[in-house]
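Each chain, letter by letter, is given below.
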Amino acid sequence: MSSRARLADIAAKAGVSEATVSRVLNGKPGVAEDTKQSVLTALDVLGFERPTRLRRRSAGLIGLVMPELINPIFPAFAQVIESALSQRGFTPVLCTQSPSGATEEEYVEMLLERGVSGIIFVSGLHADTGADHARYQSLVDRRLPVVFVNGWLPGVEAPFISSDEYAAMELAVTHLISLGHRRIGFASGPERFIVVQRKLAGYRTAMKAQLGLSDDEVSELVELSMFGVEGGAAAAQRLLDVGVSAVVCGSDMMALGVIRAARKRGLSVPGDISIVGYDDAPMMEFTDPPMTTVRQPVQAMGLAAVQSLLEEVRGHATPHTEFLFRPELVVRNTTGPHAR
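Model, not experiment: these values are computed from the prediction. (Residues numbered from 1 in each chain as written. Predicted model: local features only at pLDDT ≥ 70, side-chain atom pairs only at ≥ 80, totals over all residues. Heavy atoms only, no water.)

1. Digging into the pairing of strand β1 (residues 61-66)
Here is step 1 of the chain: Most of β1 sits inside the fold, with 6 of its 6 residues counted as buried.
Here is step 2 of the chain: Taking every second residue as pointing to the same face, both faces of β1 are buried, with L61, G63 and V65 on one and I62, L64 and M66 on the other.
Here is step 3 of the chain: Bridge analysis of β1 against strand β2 (residues 91-96) gives 6 bridges, and the strand direction is parallel. Its bridge partner lying in β2, M66 is registered against T96.
Here is step 4 of the chain: Crossover connection from β1 via helix α4 (residues 73-87) to parallel β2: handedness right-handed. (Buried < 20%, exposed > 50% of the residue type's maximum accessible area, 1.4 Å probe, protein only. Helix = DSSP H or I, 4+ residues; strand = E, 2+ residues; numbered from the N terminus. Pairing = 2+ DSSP bridges. Right-handed = clockwise from strand over helix to strand, strands pointing away.)

2. Examining the packing of aromatic side chains
Here is step 1 of the chain: Summed over all chains, the structure comprises 7 aromatic pairs.
Here is step 2 of the chain: With a centroid separation of 5.2 Å and 85° between ring planes, the pair formed by F121 and Y136 is classed as edge-to-face. In this pair, F121 sits in strand β3 (residues 118-122) while Y136 sits in helix α6 (residues 134-141), placing the two residues 15 residues apart along the sequence.
Here is step 3 of the chain: Above the face of the Y278 ring, K199 is positioned so that its terminal group lies 4.0 Å from the ring centre. (Phe/Tyr/Trp six-rings, centres within 6.5 Å; stacked < 30°, edge-to-face > 60°. Lys NZ or Arg CZ within 6 Å of the ring centre and 35° of its normal.)

3. Digging into the sheet that holds strand β12 (residues 328-330)
Here is step 1 of the chain: One open sheet accounts for 6 strands, arranged β7-β6-β8-β9-β10-β12; its pairing is mixed. The strands lining the two open edges of the sheet, one partner per strand, are β7 (222-224) and β12. Neighbour to neighbour, the strand axes of the sheet diverge by 20° on average, direction disregarded.
Here is step 2 of the chain: Strand direction decides the pairing type here: strand β9 (residues 274-279) and strand β10 (residues 292-295), joined by 4 bridges, are parallel. Of the residues in β10, the one forming a bridge with Y278 is V294.
Here is step 3 of the chain: Packed onto the sheet, helix α8 (residues 194-211) meets β6 (184-188), β7 and β9 and runs at close to 175° relative to β6.
Here is step 4 of the chain: Lying on the sheet, helix α10 (residues 229-241) is in contact with β6, β7 and β8 (246-249); it crosses β7 at an angle near 160°. (Axes fitted to C-alpha atoms, helices over the stretch in contact; angles between N-to-C directions. Contact = heavy atoms within 4.5 Å.)

Written out as structure tokens, the structure reads:
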């Protein structure tokens, strides 16, 4: 069918002139809202595809893009955010990444095709300094409301919600020093992640300020591996070889790996070695022994992310800055006095 015939059909169905149909389809001003809706309805009824700009946006859909759900901190974030969205009449669309599944970019394309009103990214590629961040700028440029949790992108005009990783490590190191520990190791994921860089900076500062160690002396106590239980166990091997009496970990999952490695060497926790996790993921109070960890304020952070996003969805400006939430040291049973 020719474009002229298509215009004529739409015009006839909508009861307007072909010129008016053309103005609507090309986004020209000067068409009343009722008339515009009549043309779009005619388009839908006749089975023609709307131009991308004019596709119906579901006011109710919000994308939630996050990593795999193996680490229980991510389901915890998902639960808080999904619950808050549902209470406010929005429908969350959860997109979780796995090594063999869809990429973050593919999920974003899918969400855009569904006409989502906004997207919340939790610990996504925005936290990876080695990733291409142009995709996020393009979302901001097209005026799609986005909010980022745990990560930082300089120059991207959007709200960022983060746990204060720097302060978290100061809390952990101070706790261990108060128990008499001096050789305190640091085990975390790859340094390309902004959350690891911040944790490492907090750990370094605390170790140098409170123990008077040099940069080289601190570096000897740092082991960066993969996130997860296996990464924690691998990092622990070298840290135990250099004689640490305590380890501060980048996540609770890594801390569980350190415990596993220590026990394989016949060491007891906390009798021979003290371990501090990070996140206070669900079930950490029920590990053996219950985990001393630094708690991310998941509830407060999740609510802040939803509130910031919905302000943007409603067309209200929100501060395009980073909101830092202070973590809390939760002392349980994986830390104890240094065995003298």
